[in-house]
Amino acid sequence: MPRAPQYQQGTSGVAPVNARLQAPGVVQSGLGEGMERLGQTLTAIDQLNAQHDDTVARQQVLAMTPDVTNLVAQFKAQQGGNAVDGLSAAQKSLDDVRKQGLDGLKSPRAQRIFQQHFGTLYASAMGEINGHAIQQAGVQRDQMHMGELQQAQDAASGLYDNADDLKAGVGVVGQKAQALAAFRGMTGAAANEFIKQQQGVVYATAINTLVKDDKAVLASALFDAHHDEMTFEQRNAALDALRGPMQNQESNSIFQAALAGARAAPSAAQGAPGSTPHPSAPSQMPVANGRVTNTFEQHKERGSAGLDIGAPLGAAIHPIAGGVVEAVTQDDRAGRWVKVKHPDGTTSSYAHMGNQSVAVGDQVTPDTVLGTVGLTGHTTGPHVHLRVRAPDGADLDPQKLIGGTIGRATVVGSPTAARNYDQATVISNIKAMGLPLEKEQRAVSFAMRQMAQGESLLNDQYQDAADNLHQWIGNYQASHNGEDPPPDAIPSNIAGSVKPSYMAEMRGNLAKAQKAKFDAATKKEQENTALALKLQSYLEPDKFAQTDLRKYQGLVPFSDLSSLAEEQAKRRASARQWSSADASASALATFERRNPGLLPSNPGVKHPDEMAAYNRQRLAILDTVAQFADGIAAKGTIPTEAQLQQAVTQATKQIRFANGNVGHLYDIQFGNLTPQTVQTIRNNLRLRGVQNITDDDVVREYRRTARDSQGN
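Computed from a prediction, not measured in an experiment: that's the story for all the values here.

### Comments concerning the confidence of the model for the protein
Item 1. Chain-level pLDDT for the protein is 79 on average; 83% of the residues reach the 70-or-more range.
Item 2. Across residues 262–278, where pLDDT falls below 50, the model places 34 contacts with residues more than four positions away in sequence or in other chains.
Item 3. Here residues 656–663 is modelled with pLDDT under 50, and outside its nearest four sequence neighbours on either side it reaches 22 contacts, counting other chains as well.

What follows is the structure, given as structure tokens:
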């Protein structure tokens, strides 16, 4: 085992100390080995710690990488100026990610390693962010140039109606396009082509706008003037846009020519144009498809003036020349009519119109639609009555004014004017023009659409007019206790707008209803008169026997008058003999005295219907009692008063009066009444001063009050 050091006395200084501390050789050898091993262990531990710090730091970098990747992706999603504005925020976010990674490491050595590896990731991310910001700054600048260019194009494309303004606007577009081309680095032919393309956008946009606004003619003129300033693609697109409208315009010209061809040709009797004073030239036929049905001379022979021009119902009516509307009115003879005063003082008026489309004071031209052909006023068919007067008021022959222009193709109606067409004639005229097959088919299709549109609009107007008619009839009925209006009561402004066939049917129905009402009232009056005479035969037999029935011819139904005449003859023959009629009248009077208030009283003349009901009720009772009396008399005996009273009582049970059926009241006997009811009735009778009240008095009072309660 190692020995302990040996200390020697009497020594001093370092050497003696060393000497004293020196161990034996074996001990020194063992200590050196231990120290070497300790150093090796410490080195291994340091290497282990260094390796651990490197691992942790690099793992931290890996953990932070998705955050950096997402941050870069989010920044790249920003476009234009947003990317430029967000550059500082992106760099700060990246610094925050680095700080978050450092804060997660405690070892300085791990932090240094993290900085080393994250720095590479940081530099790469910042490179992408800066690159995107630089790129988007260029995009932003490009967008600015493009925005200025488009603004200039929009402004210039609206200047198509002024050539100088359009040229100036296109020049501004060229300047903006040149600036954008320079920014994009375009030079030479590429820059020139780009500038031409952008200037061509102005013309293409203007042409499309004009086509959409139904200004195909102006669009075509614009194309003809500037197609060289457009690119090949722009020219083709503009031609495609123009093709449909131009074909429609061509088809419309063919359609109008076909309409003109359907009009009547001028006759030799019309005279030469200009042979009489006329309004400002040119004069024209007032309606398409018009034909003269009554000449000026024919009207003159009948003591009137003007010219009748037959035309389809609903066709547009134009003035024969320009002027100012002087009157828009209507009357029973001319119906709805419009009067136009022309610049030279001549006036023209147009009568029997369906609708009126102008107002007093309107300036009109030959293309203005004054209204539509109708059937208002005194007319036998759809036509326009044209009357022309010179400034001094003298009537002129309209046919001499428009003679040379009847049927010319320039007479066209408003495309929205409601009208009917002679479709077969129009289509036949188109096919007779000798057009190429494709053009003919296109024109026929266009004409059919136009005519269908016009007729559809006319039908819509007819429907609106019918609705107005029914509303007026409803208002009339509401203010006249539900009665229908007379046919002639319908205002002409409403009747003139309704489809003629429907108006004729409506007037016919109203006339039938009016006649039926009159017939019903007449029949009712006749029946009431007959009823009064029959009642007189019972109640006033002497007066009835002397009545002159001849004056009631036509006032009483023939069958009733014959029956009354037979009855009168019987009364006259048996004036001094017993009569069942007299007996029944006397029995009814006695019954009413014994049963006051049980039967309805005479209403007087308060209302004819009430009086008739009263008469019918009494006559039914009298007839029933008279038949009963005749039956007994036929057996050779005269009925007693008791028998007659029983017959009256039985008859009243079977009659339903206006205030209810009282027949069941006779079935009530004294024993059917409750003691409380009997006592109440007796008390009421005593209050009215009735003495010695019998059971019959109680029953009669009960019947009377029951009947009154039914009447209420």
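Once you've had a look at it, read on.
### A few points about the nonpolar core
Item 1. Counting residues in each nonpolar core, the largest one holds 26 residues, and the members touching the most others are I207, L222 and M230.
Item 2. Those elements giving two or more residues to this core turn out to be α5 (108–157), α6 (163–183), α7 (188–212), α8 (216–226) and α9 (232–261).
Item 3. No other element matches the ten residues that α7 contributes to this core.
Item 4. When sequence neighbours within four positions are dropped, the list of residues in contact with M230 reads K196, G200, Y203, A204, I207, F223, R235 and A238.

### Considerations on α7
Item 1. The terminal C-alpha atoms of α7, which comprises 25 residues, lie 37 Å apart, in line with the 36 Å expected from a rise of 1.5 Å per residue.
Item 2. Trailing α7 by a residue or two, D214 shows a phi angle of about 60°, which is positive.

### As for a nonpolar patch on the surface
Item 1. Taken together, the side chains of L31, M35, L38, L42 and I45 make up a nonpolar region of the molecular surface, amounting to roughly 510 Å² of accessible area.
Item 2. If you trace the backbone, L42 turns up in helix α2 (residues 25–76).

### Details of the pairing of strand β4 (residues 323–331)
Item 1. Here two bridges tie β4 to strand β7 (residues 363–364), and the two strands are oriented antiparallel to one another. Directly across from G323, in β7, lies its bridge partner V364.
Item 2. With antiparallel pairing between neighbouring strands as the criterion, β4 and strand β5 (residues 335–341) make up a hairpin whose turn holds three residues.

### Some points on the layout of surface pockets
Item 1. Its volume calculated, the largest pocket comes out at about 800 Å³.
Item 2. Every residue lining the largest pocket is counted, 35 residues in all, and those nearest its centre are H299, A305, A351, H352 and H385.
Item 3. Those elements that provide at least two residues to the lining of the largest pocket are β1 (291–294), β2 (307–310), β5, β6 (347–356) and β9 (383–389).
Item 4. A class-by-class count of the residues in the lining of the largest pocket yields ten nonpolar, 16 polar and nine charged.

### Quick notes on the environment of R333
Item 1. By the secondary structure assignment, R333 is in the loop between β4 and β5.
Item 2. Of the residues examined, R333 reaches a relative accessible area of 62% and is grouped as exposed.
Item 3. Placed 44 residues apart in sequence, R333 and G377 show a C-alpha to C-alpha distance of 4.7 Å.
Item 4. If sequence neighbours within four positions are ignored, R333 has contacts with H352, G377 and H378.

### Side note on the environment of K212
Item 1. Residue position: K212 is located in helix α7.
Item 2. In the structure, K212 is positioned 29 residues away from A241 in sequence and 9.3 Å away in space, judged by C-alpha atoms.

### Some thoughts on the packing of α5 against α7
Item 1. Packing of α5 against α7 brings their axes to within 9 Å, and their N-to-C directions diverge by 40°. Considered as vectors, α5 and α7 are oriented oblique to each other. Remark: the crossing between α5 and α7 carries right-handed chirality. Counted together, L149, Q153, A156 and S157 of α5 and Q198, V201, V202, T205 and A206 of α7 form the full contact between these two elements.
Item 2. Here the residues of the contact of α5 with α7 sort into five nonpolar, four polar and no charged.

### Re the pattern of salt bridges
Item 1. Taken as a whole and assessed by the stated rule, the structure comprises 18 salt bridges.
Item 2. With its nearest N and O atoms 3.3 Å apart, the salt bridge here joins R98 to D95. Of this pair, R98 and D95 both sit in helix α4 (residues 87–103), separated by three residues, roughly a single helical turn.
Item 3. Among the charged side chains, a salt-bridge network with shared partners connects E250, E438, K439 and R442.

### Details of the packing of aromatic side chains
Item 1. All chains considered together, the criterion is met by four aromatic pairs.
Item 2. Taking the centre distance of 6.3 Å and the plane angle of 75° together, the rings of F255 and F446 count as edge-to-face. Note that F255 is positioned in helix α9 and F446 in helix α13 (residues 437–479), a separation of 191 residues in sequence. Take F255 and F446: they sit in the same class, and that class is buried.
Item 3. Seen from the ring of Y122, R98 lies directly overhead, with NZ or CZ sitting 4.4 Å from the centre.

Conventions and cut-offs
- Residues numbered from 1 in each chain as written.
- Predicted model: local features only at pLDDT ≥ 70, side-chain atom pairs only at ≥ 80, totals over all residues.
- Heavy atoms only, no water.
- pLDDT = per-residue confidence, 0-100.
- Contact = heavy atoms within 4.5 Å.
- Core = buried A, V, L, I, M, F, W, Y, C linked by side-chain atoms within 4.5 Å.
- Buried < 20%, exposed > 50% of the residue type's maximum accessible area, 1.4 Å probe, protein only.
- Helix = DSSP H or I, 4+ residues; strand = E, 2+ residues; numbered from the N terminus.
- Expected span 1.5 Å × (residues − 1).
- Patch = residues over 30% accessible without salt bridge, like charges linked within 9 Å, V, L, I, M, F, W, Y side chains within 5 Å.
- Areas by Shrake-Rupley, 256 points an atom, 1.4 Å probe, with all protein chains shown as cover.
- Salt bridge = Lys/Arg side-chain N within 4 Å of Asp/Glu carboxyl O.
- Pairing = 2+ DSSP bridges.
- 1 Å grid on protein atoms, 1.4 Å probe; cavity = no way out; pocket = protein on both sides within 12 Å on 5 of 7 lines; lining within 4 Å.
- Points joined across faces, edges and corners; volume = space filled by probe spheres on them.
- Nonpolar A, V, L, I, M, F, W, Y, C, P; charged D, E, K, R; others polar.
- Axes fitted to C-alpha atoms, helices over the stretch in contact; angles between N-to-C directions.
- Parallel < 35°, antiparallel > 145°, perpendicular 65-115°, else oblique.
- Left-handed = near helix turned anticlockwise from the far one by under 90°.
- Phe/Tyr/Trp six-rings, centres within 6.5 Å; stacked < 30°, edge-to-face > 60°.
- Lys NZ or Arg CZ within 6 Å of the ring centre and 35° of its normal.

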